[in-house]
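Each chain, letter by letter, is given below.
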Amino acid sequence: MKSASHASFYAPTGAPQRVLSTPATAGPWSPSAQHGGPPSGLLARAIEATLPPDRVIARLSVDLLGPVPVGPLEVSVEELRPGRQVALVAATLHDPATGRDCAVARAWALPRTQAGPGSAIPLAHGPEQGERPPLPPSWVGGYVDHVEWRWITGAVLAPGPATVWMRPLVPLLPGEPLTGIPMLMTCVDSASGVSAALDPARWAFLNTELTVHVLREPVGEWVCVDAVTELTSTAVGVATSAVYDELGLVARTAQTLLVQRQSATNQDVPSGSSR
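Cut-off values and rules
- Residues numbered from 1 in each chain as written.
- Predicted model: local features only at pLDDT ≥ 70, side-chain atom pairs only at ≥ 80, totals over all residues.
- Heavy atoms only, no water.
- Helix = DSSP H or I, 4+ residues; strand = E, 2+ residues; numbered from the N terminus.
- Rg over C-alpha atoms; globule rule 2.2 N^0.38 Å.
- Buried < 20%, exposed > 50% of the residue type's maximum accessible area, 1.4 Å probe, protein only.
- Areas by Shrake-Rupley, 256 points an atom, 1.4 Å probe, with all protein chains shown as cover.
- Lys, Arg positive; Asp, Glu negative; His and termini not counted.
- Charge placed at Lys NZ, Arg CZ, Asp CG, Glu CD.
- 1 Å grid on protein atoms, 1.4 Å probe; cavity = no way out; pocket = protein on both sides within 12 Å on 5 of 7 lines; lining within 4 Å.
- Points joined across faces, edges and corners; volume = space filled by probe spheres on them.
- Nonpolar A, V, L, I, M, F, W, Y, C, P; charged D, E, K, R; others polar.
- Phe/Tyr/Trp six-rings, centres within 6.5 Å; stacked < 30°, edge-to-face > 60°.
- Pairing = 2+ DSSP bridges.
- Axes fitted to C-alpha atoms, helices over the stretch in contact; angles between N-to-C directions.
- Parallel < 35°, antiparallel > 145°, perpendicular 65-115°, else oblique.
- Left-handed = near helix turned anticlockwise from the far one by under 90°.
- Contact = heavy atoms within 4.5 Å.
- pLDDT = per-residue confidence, 0-100.
- Core = buried A, V, L, I, M, F, W, Y, C linked by side-chain atoms within 4.5 Å.
- Expected span 1.5 Å × (residues − 1).

### Looking at the overall build of the chain
Scanning the chain from N- to C-terminus turns up four helices and 13 strands. Scaling as 2.2 N^0.38, a compact globule of 275 residues should have a C-alpha radius of gyration of about 19 Å, and the chain matches this with 18 Å. C-alpha atoms of the chain, sized along the principal axes, occupy 50 × 45 × 40 Å. Expressed as a percentage of the 275 residues in the chain, the buried residues total 51%. As presented, the chain carries roughly 12,100 Å² of accessible surface, and 55% of it is formed by carbon and sulfur atoms. Taking the average location of the 18 positive side-chain charges in the chain and that of its 23 negative ones, the two points are 1 Å from each other.

### Some details on empty space enclosed by the protein
Once rolled over the atoms, a probe with the size of a water molecule shows which space is left empty. For the coordinates displayed, the defined rule picks out two cavities of 30 Å³ or more. Of the voids in this model, the second largest cavity is the one considered here, and its volume is about 30 Å³. Taken together, Ser192, Ala196, Ala197, Leu198, Phe205, Thr229, Leu231 and Leu257 make up the lining of the second largest cavity. Split into classes, the residues belonging to the lining of the second largest cavity amount to six nonpolar, two polar and no charged.

### Here we look at the packing of aromatic side chains
Counted by the stated rule, this structure contains two aromatic pairs. Plain terms: the ring middles of tyrosine 143 and tryptophan 149 are 6.3 Å apart, the flat faces sit at 75° to each other, and that makes the pair edge-to-face. The pair formed by tyrosine 143 and tryptophan 149 is uniform in burial state, with each residue classed as buried. Joined through ring pairs, the aromatic side chains of Phe9, Tyr143 and Trp149 make up one cluster.

### Some words on the pairing of strand β5 (residues 87-95)
Among the nine residues of β5, eight are classified as buried, and the element is accordingly described as predominantly covered. Relative to β5, strand β4 (residues 72-81) runs antiparallel, the two sharing seven bridges. Along β5, the bridge assignment pairs glutamate 78 with alanine 90. Hairpin remark: β4 followed by β5, antiparallel, with five residues in the connecting loop. Two elements, β5 and strand β6 (residues 100-111), share nine bridges in a ladder whose sense is antiparallel. Directly across from aspartate 95, in β6, lies its bridge partner arginine 100. Taking the residues that link successive antiparallel strands as the turn, the β5-β6 hairpin has four residues, and the phi of glycine 99 there is positive, at about 75°.

### What to know about the packing of helix α1 (residues 37-50) against helix α3 (residues 180-188)
Contact pair α1 / α3: the axes reach a minimum separation of 7 Å and the direction vectors enclose 160°. With respect to each other, α1 and α3 are oriented roughly antiparallel. Considering only the axes of α1 and α3, their crossing is right-handed. On α3, the residues touching Gly37, Pro38, Ser40, Gly41, Ala44, Arg45 and Glu48 of α1 are Ile181, Pro182, Met185 and Thr186. When its residues are assigned to classes, the contact of α1 with α3 shows five nonpolar, four polar and two charged.

### A look at the side chain of glutamine 255
The residue glutamine 255 is located in strand β13 (residues 249-261) in this model. With relative accessibility at 1%, the residue glutamine 255 sits in the buried group. Beyond its immediate stretch of four places on either side in the chain, glutamine 255 contacts Val188, Asp189, Ala191, Ser192, Asn207, Glu209, Leu210, Gly237, Val238 and Ala239.

### A word on the confidence of the model for the chain
Interpreting fine coordinate detail is not advised for predicted regions of low pLDDT. For the chain, per-residue confidence averages 89 on the pLDDT scale, and residues scoring 70 or more make up 92% of the total. Note that pLDDT drops below 50 for residues 265-275; the model gives that stretch 55 contacts with residues more than four away or on any other chain.

### Here we look at the environment of alanine 242
Along the polypeptide, alanine 242 turns up in strand β12 (residues 236-244). Beyond its immediate stretch of four places on either side in the chain, alanine 242 contacts Cys224, Val225, Asp226, Leu249, Ala251 and Arg252.

### Some points on the nonpolar core
Counting 56 residues, the largest nonpolar core has Leu93, Trp149, Leu184 and Met185 as the members making the most contacts within it. The greatest single-element share of this core, amounting to six residues, is contributed by α3. Setting aside chain neighbours within four positions, we find methionine 185 in contact with Gly37, Ser40, Gly41, Ala44, Leu60, Val62, Leu210 and Val212.

### Digging into α1
With 14 residues, α1 extends 21 Å from end C-alpha to end C-alpha; this agrees with the ideal 20 Å at 1.5 Å per step. Extensive coverage of α1 is indicated by the burial of ten of its 14 residues. Turning to α1, its buried residues number three or more, namely Gly37, Pro38, Pro39, Ser40, Gly41, Leu42, Leu43, Ala44, Ala46 and Ile47.

Structure representation (structure tokens):
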């Protein structure tokens, strides 16, 4: 596994609402298309910036409308449903080069109050017990080289359920610590790749969307993704995961997958990448 070679996933451009994607965002299949993690983190960051301190994101869904290019992007935010108790906020990633929207996120924000006793049961393992396996040599560096991976069960090239601790090695933007829900979203798009049910050298399993139900904001710099992928005889698959931090359960995720043989894939299908 290579060390991080870029300082951040995105660079500021000096223009409001516009960032420049660095090569660190690239997914494993193409140097020109982003992994779904950094765009999901960027959208979460934009939504959080509009929320008052007494609100917290309870559910965040990301729809990938097409490949997210490694290049300039514009971010916009809109409050779809204002309310005193509950609000729905949307953020959109726009590709100025083509004039199209490439991803949109919608978040339900709820009050940040202590409504019950809560509970947290830490996992019996941490990232220090995990292994750092080699990655397929055919993969583009990008995102996979800018995240630290510690596998507890399963393996990159062993299809089936798996458990892995993850932490981004660079922030979304220079000088901004990557924590909380933006950090969570930057990682959990990888669940479909972590739990790959097919050989990634022969099959592509591209997630068209990502839905995350957040129990609480994660603490620390690591999250653990315990993931499984289920397939049918059609091109549809579903990847789900339970996500933990050092204190216990943080979130549950689900992703709809488009499953195709590698020779059948093309750049017109929505892609967030599997890993």
